[in-house]
Structure formats: C-alpha cells, structure tokens
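# Summary of the model geometry
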Amino acid sequence: HCVREEFAAGHFKLSGLAGPFREPQQQETRENLLVAVESLYDLLYLLGEVLLHFHRISDSLGDYGMIRVSLWLHPCLDSVIEKVQRLQASLKGLSKAVDAELVIAKARGRTVKKPLPSDRMSSRAHAAVERALVGQDCHLSALLHTLEELKTRSSPERLPHVVEGLGDACVQLQ
C-alpha cells in the first residue's frame, strides 16, 4: 500500500507515469495500474508456486490424478480465472486512458503534459496491448480458454471414462 500512499500524496517523480496520469483527476487510471500490478503478482504466485504442484501430479498420474485432486484444483483455477479477468479489466481501463490522454490528445494537437513516452515506446506499447489484450488471438483470451479447458478435462464426471481407458491400457499390457 506504500505506492498507493505515495500516489495519494501526489509523489510521482519516480513513478514512471506519463505526465497526464499525474493529474488529480487521473486517480482511476492510477488505480487501474496498481490493480494490474497486484493481479500480476497474484498470478505469478498462483501459476509459479501453486499450480506447479498440480502440474507434477499431472506428469505422474495424468488425467486420473488431476480428476482425483479436482476438489483442490478447481478452486485454484477459479482464483486464477478471477485474477486474469481482473487483470484484463484493469489493462483495458489503462489502455482506454492512454488512448484518451496521449494518443487522441496528440492527434488533436493538444499540448500534453510531460514526461511523455517516445514514439518507439508508444509503438511497442500499442503492439503489446494488441497481443496481450485486444487482438483476435490475444494472450489473455487464450489463457482463459486453456484454464476452462483444464477445468473440463479434470472434471470428476470424466472419471468413469478415464478409468475405462486405464483398464483397456492394462489389458493391452498383458
């Protein structure tokens, strides 16, 4: 909460924020930035620390193992989905603010308060938003689709089908 306090006090010198986003009326934009960072932090933990253990179970026991631990897996997946959707919403809010305060303002010839990103920085940021957020096959949509697919594949309703497949595999080994 230290960064929120710094922002609330109007201390932006080391924030990296472009000039327009340092204005008092841009509180929502700054909040979107902080929510995005918090969501990323949570996702890094969930994907890198928590789901790693489920990945090990999957490597060892396959679909059967994942179905057996679905009571623990599904709440974790729900949490990841919620964090991804929260990240998506905050990034869309940031993108909208950047368009309004930097892109459209510059295009209309308005003077924009400094510091400002370079043209190269702006171009790279636009491409990154397109890939991650709004493109036809954007990363966030692909991640949400994969998480939903994982929930479906680890559903307890699939257990009879998986056990039947295991039985057939055992018969073939004999």
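Quick summary incoming for the structure in this document.

Take the overall build of the protein next. Helix and strand content of the protein: six helices and zero strands. Moving toward the C terminus, one meets the helices and strands of the protein in the order α-α-α-α-α-α. The globule rule puts the C-alpha radius of gyration for 174 residues at 16 Å, and the 22 Å found for the protein is more than 25% above it. Here the C-alpha coordinates of the protein stretch approximately 80 × 35 × 20 Å along the principal axes. Among the 174 residues that make up the protein, the fraction classed as buried is 30%. When contacts within the protein are restricted to residue pairs at least 6 apart in sequence, long-range pairs at least 24 apart make up 69% of them. Carbon and sulfur atoms form 58% of the exposed surface of the protein, whose accessible area is close to 11800 Å². The distance from the centre of the 21 positive side-chain charges to the centre of the 22 negative ones in the protein is 10 Å.

With that settled, the discussion passes to the pattern of salt bridges. As enumerated under the stated definition, the model contains nine salt bridges in all. Three or more residues joined by partner-sharing salt bridges are found here, namely Arg4, Glu31, Glu38 and Arg86.

One pass over the full model with this rule turns up one aromatic pair. On the basis of an interplanar angle of 45° and a centroid distance of 5.5 Å, the ring pair of Phe7 and Phe12 is categorised as tilted. The exposure class of Phe7 is buried, given its relative accessible area of 8%.

Between its first and last C-alpha, helix H2 (residues 27-68) extends only 46 Å over 42 residues, short of the 62 Å set by a 1.5 Å rise per residue. At Leu61, H2 is deflected by roughly 130°, the largest bend along its length.

Leu51, Phe54, Leu73, Val80 and Val84 are the most contacted members of the largest nonpolar core, which has 20 residues in total. Among the elements of the structure, H2, helix H3 (70-107) and helix H5 (139-153) are those that each provide at least two residues to this core. Among the elements that make up this core, the one with the highest residue count is H3 (eight residues). Setting aside chain neighbours within four positions, we find Leu51 in contact with Leu46, Leu73, Cys76, Leu77 and Val80. Counting residues in each nonpolar core, the second largest holds 10 residues, with Phe7, Leu17, Ala97 and Ala105 among its members.

The next thing to look at is a nonpolar patch on the surface. On the surface, a cluster of nonpolar side chains totalling about 340 Å² of accessible area is made up of Leu61, Tyr64, Val163 and Leu166. Those elements that provide at least two residues to the nonpolar patch are H2 and helix H6 (159-173). Residue placement: Val163 occurs in helix H6. Residue Val163 is classed as partly exposed on the basis of its relative accessible area of 41%.

Rules used throughout
- Residues numbered from 1 in each chain as written.
- Predicted model: local features only at pLDDT ≥ 70, side-chain atom pairs only at ≥ 80, totals over all residues.
- Heavy atoms only, no water.
- Helix = DSSP H or I, 4+ residues; strand = E, 2+ residues; numbered from the N terminus.
- Rg over C-alpha atoms; globule rule 2.2 N^0.38 Å.
- Buried < 20%, exposed > 50% of the residue type's maximum accessible area, 1.4 Å probe, protein only.
- Contact = heavy atoms within 4.5 Å.
- Areas by Shrake-Rupley, 256 points an atom, 1.4 Å probe, with all protein chains shown as cover.
- Lys, Arg positive; Asp, Glu negative; His and termini not counted.
- Charge placed at Lys NZ, Arg CZ, Asp CG, Glu CD.
- Salt bridge = Lys/Arg side-chain N within 4 Å of Asp/Glu carboxyl O.
- Phe/Tyr/Trp six-rings, centres within 6.5 Å; stacked < 30°, edge-to-face > 60°.
- Expected span 1.5 Å × (residues − 1).
- Bend = angle between axes of the 7 residues up to and from the residue.
- Core = buried A, V, L, I, M, F, W, Y, C linked by side-chain atoms within 4.5 Å.
- Patch = residues over 30% accessible without salt bridge, like charges linked within 9 Å, V, L, I, M, F, W, Y side chains within 5 Å.

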